[in-house]
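Residue-level structure breakdown
Here are the chains, one letter per residue:
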Amino acid sequence: MNKLTIIGNLTADPELRTIPSGVSVCTFTVAVNRRYSGNKDDRQTDFFRVSAWRQLGENCSRFLSKGRKVCVVGEVSARAFEGKDGTLRASLEVTADEVEFLSPRESAGYPQQGGYQQPQQSAPYGDNRRQGQGWNNEPVSAPADNMTGTAFGDIAGGFTEITDSDLPF
């Protein structure tokens, strides 16, 4: 089985092109830091050239950019080529089966669309609650004492003691 999983950052913006048969292919390079022990200066980075085909490639081109963190799963192949200085070099190329975007969407400047959006308040009940007002600036009354004596305890501050005989197991 030839399957490789890498997690790293894009070194440049992805390039999308269409081959003569009309199929889209997106290529990009992922820099992967090796784990190291000891001196911080001994850290090494491996570079993997990734090709994503068809719809996967179009999505990569649309949502990825330089510096974004990705997880790529796919087949790896080694290729030898002659560098500009005439030396023989090797390249690791990955044909992506899966690409997972690991950087948050907001970090790339995309607005958050649809789905759940966090409230813009920093405190759980907002600053209005401390002023004696509710969410819609309505007065807040003292909490009713309808939760005392429940299995969750007394909201006002205490807990109900549970003995071993109260447990079902």
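What you are looking at is a predicted structure, and each value in this text was computed from that prediction instead of being measured.

Regarding the overall build of the protein
Along the protein, the regular secondary structure elements total two helices and six strands. Ordered by position from the N terminus, the helices and strands of the protein form the series β-β-β-β-α-β-β-α. Across the 169 residues that make up the protein, the buried fraction comes to 21%. A separation threshold of at least 6 residues defines the contact pool for the protein, and within that pool the share at least 24 residues apart is 52%. When the accessible surface of the protein is split by element, carbon and sulfur atoms take 49% of a total near 13000 Å².

A closer look at the environment of Ala80
Within the secondary structure layout, Ala80 lies in strand S5 (residues 69-82). Taking the C-alpha atoms as reference points, Ala80 and Leu92, separated by 12 residues in sequence, lie 9.0 Å from one another. Apart from residues lying up to four places away in sequence, Ala80 is in contact with Leu88, Arg89 and Ala90.

A few points about the nonpolar core
Phe28, Val30 and Val72 are the most contacted members of the largest nonpolar core, which has 16 residues in total. Only strand S1 (4-10), strand S3 (24-33), strand S4 (45-53), S5 and strand S6 (88-101) provide two or more residues apiece to this core. Broken down by element, this core gets its largest block of residues, four residues, from S3. Among residues more than four places away in sequence, those in contact with Phe28 are Leu10, Pro14, Phe48, Arg49, Val50, Cys60, Leu64 and Val72.

Brief notes about the pairing of S4
Residues in a regular strand point their side chains to alternate faces of the sheet. Inspection of the sheet shows S3 paired to S4 by nine bridges, in the antiparallel sense. Each residue of the ladder has a partner; that of Thr27, found in S4, is Ser51. Across four bridges, the pairing between S4 and S6 is parallel. Bridge pairing in S6 links Phe48 to Leu92.

Re the pattern of salt bridges
The tally for this structure, following the rule as stated, stands at three salt bridges. Here Asp97 makes a salt bridge to Lys3, at a shortest N to O gap of 3.6 Å. On the criterion of sequence distance, the pair formed by Asp97 in strand S6 and Lys3 in the segment before S1 is long-range, its members being 94 residues apart. The partly exposed category is assigned to Asp97, whose relative accessible area is 42%. Lys3 gets classed as partly exposed once you look at its relative accessible area, which sits at 47%.

How each quantity is defined
- Counting from 1, residues in each chain are numbered in the order their sequence is written.
- For this predicted model, a pLDDT threshold of at least 70 governs which residues receive local features, and a threshold of 80 or more governs which side-chain atom pairs are given and counted, while totals over whole chains, interfaces and linings are taken from all residues.
- With hydrogens and water stripped out, all remaining heavy atoms of the structure feed into the side-chain values.
- Runs of H or I in DSSP of at least four residues are treated as helices and runs of E of at least two as strands, each being numbered from the N terminus.
- To sort residues, take the accessible area from a 1.4 Å probe on protein chains only and compare it with the maximum for the residue type: under 20% means buried, over 50% means exposed, and anything in between is partly exposed.
- For this analysis, residues touch if any pair of their heavy atoms sits within 4.5 Å.
- Residue-level accessible areas treat just the shown protein chains as cover; the underlying method is Shrake-Rupley with a 1.4 Å probe.
- Buried Ala, Val, Leu, Ile, Met, Phe, Trp, Tyr and Cys residues that are joined via side-chain atoms within 4.5 Å together make up what is termed a nonpolar core.
- For two strands to count as paired, DSSP must find a minimum of two bridges between them.
- Salt bridges are defined by distance alone: a side-chain nitrogen of Lys or Arg within 4 Å of a carboxyl oxygen of Asp or Glu.

Without other data, these values stay purely geometric and don't point to any function.
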